[in-house]
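Structure assessment
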Amino acid sequence: MFSKILIANRGEIAVRIIKTCRRMGIKTVQVYSEADAGSLAVEMADEAVLIGPAPAAQSYLLADKIVEAVRQTGAEAVHPGFGFLSENAGFARRLRDEGIAFIGPNPEAIEAMGDKISSKKLAAEAGVSTVPGHMGLIETPDEAVKIANQIGYPIMIKASAGGGGKGIRVAHSDADMAEGFAAVKAEALNAFGDDRVFLEKFIIDPRHIEIQVLGDKHGHVVHLFERECSIQRRNQKVIEEAPSPLLDEATRAAMGAQAVALAQAVNYDSAGTVEFVAGQDKSFFFLEMNTRLQVEHPVTELITGVDLVEQMIRSAWGEALAFEQKDLSINGWAIESRIYAEDPYRGFLPSIGRLVRYEQPEEGDQGDYTVRNDSGVREGDEISMFYDPMIAKLCAWGETREDAVTGMARALEDTHLSGLGHNVPFLAAVMDQERFKSGNLSTSYIKDEFPDGFNGLRPTVEQERILIASALAMHEVIAEQDGDPSDRTDWIVMIDKTPHGVGLSYDEDEEMILTLTGGGDIRLSEIDWRPGLAQFKAELDGEPFTAEVKRVADGFDIRHRAARARVRVLRPHVAELYARLPEKAVADTSKLVLSPMPGLVVSIPVVVGQEVKTGETVAIIEAMKMQNILKAERDGVVKAVGAKDGDPVAADDVLVEFG
């Protein structure tokens, strides 16, 4: 077995690989850019080598730097993780030529499957169902429009070398096609150094289901069942689960067989994923094969008990698979939520900055569910604009899907982050939705369920009780600490502007009894909070919960899952006065085009004095390797332009002002 492995990646996947290497007794070398000098992965690895400045094109994407680090440290193999050079056939071939083991598939398999155009042709030859489309190269927007009309809208525009949700647009019209084609080519060239684009029919109301395959160098290939990845935003997976609530045993077996057949056709010898688009009728069509470890691999590990990183290492060493297809089975259900540094209340825009606080849920067996949290950052770390904004992959396993959903919701409650925007409230909202609980999923789920964006959810009756009880308990703790305890038994607890009458008493065990006007009694026990803590933990009528809390001048800001409110504990006569306070006026920004995120200005194609019509592009901002096209929301004349091409901008910087 290898004695030392170099990890050519960063963040949580680097940490994930180090953990398996430690368990296997293998030493690790972590390469890092200047931006990652103080990272958790660097701290955990046995050795670390600086390979360049922050931009990936000057560090993690440079094969010469990786090979040099291997030679410098005496590593015998390279694990590429996912992204960066993980699906670069030239890099895999270079390592082979240099006598360095590549912990991934052979370069010929990467080459065959890495190009989405040639991979679809190979899939068809292997008997795999494929989506109708145009697999030839397309050079111009006019040519793309002509082909799209032949296939029929809607059409998916995809970069041949794409991945990770980048280099994808859906066109519903000729105008969409012309604009989207140019945008995909630009994104593809920037992210992958390859601007080839192809078209395929977009399946209506589709589901995204993928099959995990695993091969060795002795011709053995198995599949480890499926993952459902339909909860997506901008073609980026957000929530994944295994198995899929759609599939029956027959469909599962058919998809698995096709995935194995395709892997065998290219002599696949590592972990990989065959992705399918599936109809609600269980029909399925090949999308692509990812010749690497997937971000969502933990859910497969949780239901099969197979460590995929370990199997990749053993395959690269030359070992045969230690199990056959008949030895594999599905045990329970697992869900993964990707926690991102992005602000769901601002259209999920990237929210880079310092992670001021990061409290993670306890991992392991929690009774009815099990928690796993794959994270590559710690409290105090910086989330950089140069890389993907992922903070962690939070997983929950349960005996049933219901147990896994309940476990995930509780694990999200126990996750606290501050210092930047994050999507934990949104993830919690999905877990609480009846549609998600029913398993009725599609790739349009987020757009369908949140058509106007995410603004949180209104508290349920149960959540109102949690907000009331938490606020009143904190109010009592603070009063006791301040030496000013009150013997009042009647309070008004205002949730935003809505008053709730509450009677307060204690039982013989000093547990709080709250009598709600028109709502009966509730009991609050096992309180775990003191001033300064950001999480309030307790049991409400015997059910544990965690709320995120912040003390403010006249009360508390409290969030439970997706419900967030300003909560005040008031004497009845004071509550009457609060109800009369006027609403604060919102500033008028209708004449301004603001940068929605920190990033770089790609272009501002308007000038002072220019007349602009609604829907015209006024700025293109690049952040997290994605181009964001900003369009005018009204007709107007440009009064001022606040930035120029290449300028760095912060969130809410004025880009264009209309007169």
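Let me sum up the structure you'll find in this document.

Calculation criteria
Residues numbered from 1 in each chain as written. Predicted model: local features only at pLDDT ≥ 70, side-chain atom pairs only at ≥ 80, totals over all residues. Heavy atoms only, no water. Pairing = 2+ DSSP bridges. Helix = DSSP H or I, 4+ residues; strand = E, 2+ residues; numbered from the N terminus. Buried < 20%, exposed > 50% of the residue type's maximum accessible area, 1.4 Å probe, protein only. Contact = heavy atoms within 4.5 Å. Phe/Tyr/Trp six-rings, centres within 6.5 Å; stacked < 30°, edge-to-face > 60°. Lys NZ or Arg CZ within 6 Å of the ring centre and 35° of its normal. Salt bridge = Lys/Arg side-chain N within 4 Å of Asp/Glu carboxyl O. Polar contact = N/O pair within 3.5 Å; in protein donor to acceptor, adjacent residues only side chain to side chain.

Here we take up the sheet that holds strand 33 (residues 592-594). Across a sheet, paired strands are connected by hydrogen bonds in the backbone, their directions being either parallel or antiparallel. Here 4 strands make up an open sheet; going across it, the order is 33-40-38-35 and the pairing antiparallel. Of all the strands in the sheet, the pair left with one neighbour each is strand 33 and strand 35 (611-612). One ladder, built from 2 bridges, connects strand 35 with strand 38 (residues 636-641); its direction is antiparallel. Opposite Glu 611, over in strand 38, you have Val 637 as the bridge partner.

Its location among the elements puts Ser 525 in strand 28 (residues 520-528). Since its relative accessible area comes to 9%, Ser 525 is described here as buried. Ignoring sequence-local partners within four residues, the contact set of Ser 525 consists of Glu 511, Ala 538 and Glu 539.

Attention now moves to the packing of aromatic side chains. If you walk through the whole model with that rule in mind, you get 12 aromatic pairs. Relative to Tyr 387, the ring of Tyr 60 has its centre 5.8 Å away and its plane inclined at 80°; by these criteria the two rings are edge-to-face. With Tyr 60 in the loop between strand 3 (47-52) and helix 3 (63-73) and Tyr 387 in the loop between strand 22 (382-383) and strand 23 (390-398), the pair connects residues that are 327 residues apart, well separated along the chain. Assigned by exposure class, Tyr 60 and Tyr 387 land together as buried. Between Phe 276 and Phe 284, the ring centres sit 5.4 Å apart and the planes meet at 90°, which makes this aromatic pair edge-to-face. Taking relative accessible area as the criterion, Phe 284 reaches 12% and is therefore assigned buried. Taken together, the ring pairs connect Tyr 345, Phe 348, Phe 426, Phe 450 and Phe 454 into an aromatic cluster. Residue placement shows Arg 401 over the ring face of Phe 436; its charged tip is 4.8 Å from the ring centre. Directly above the ring of Tyr 345 sits Arg 564, whose terminal nitrogen or CZ lies 4.1 Å from the centroid.

A few words now on the pattern of salt bridges. Evaluation of the coordinates by the stated rule reveals 57 salt bridges. Glu 210 is the salt-bridge partner of Arg 227, the closest N and O atoms lying 2.7 Å from each other. In this pair, Arg 227 is assigned in strand 11 (residues 221-233) and Glu 210 in strand 10 (residues 207-215), connecting sequence segments 17 residues apart. With a relative accessible area of 0%, Arg 227 lands in the buried category. You can call Glu 210 buried: its relative accessible area is 0%.

Mapped onto the secondary structure, Thr 300 falls in helix 10 (residues 297-304). The exposure class assigned to Thr 300 is buried, which follows from its relative accessible area of 0%. In this structure the side chain of Thr 300 is engaged in a polar contact, spanning 2.7 Å, whose partner is the side chain of Arg 227. Ignoring anything within four residues of it in the chain, the contact list for Thr 300 reads Gln 212, Leu 224, Arg 227, Gly 305 and Leu 308.

Okay, the pairing of strand 23 next. By the criterion of burial, strand 23 is predominantly enclosed, with 9 of the 9 residues buried. The sheet contact formed by strand 15 (residues 333-340) and strand 23 spans 8 bridges and is antiparallel. The residue of strand 23 that forms the bridge with Ser 337 is Leu 394. In this sheet, strand 23 lies alongside strand 21 (residues 370-375) in antiparallel orientation, the contact comprising 6 bridges. Opposite Thr 370, over in strand 23, you have Trp 397 as the bridge partner.

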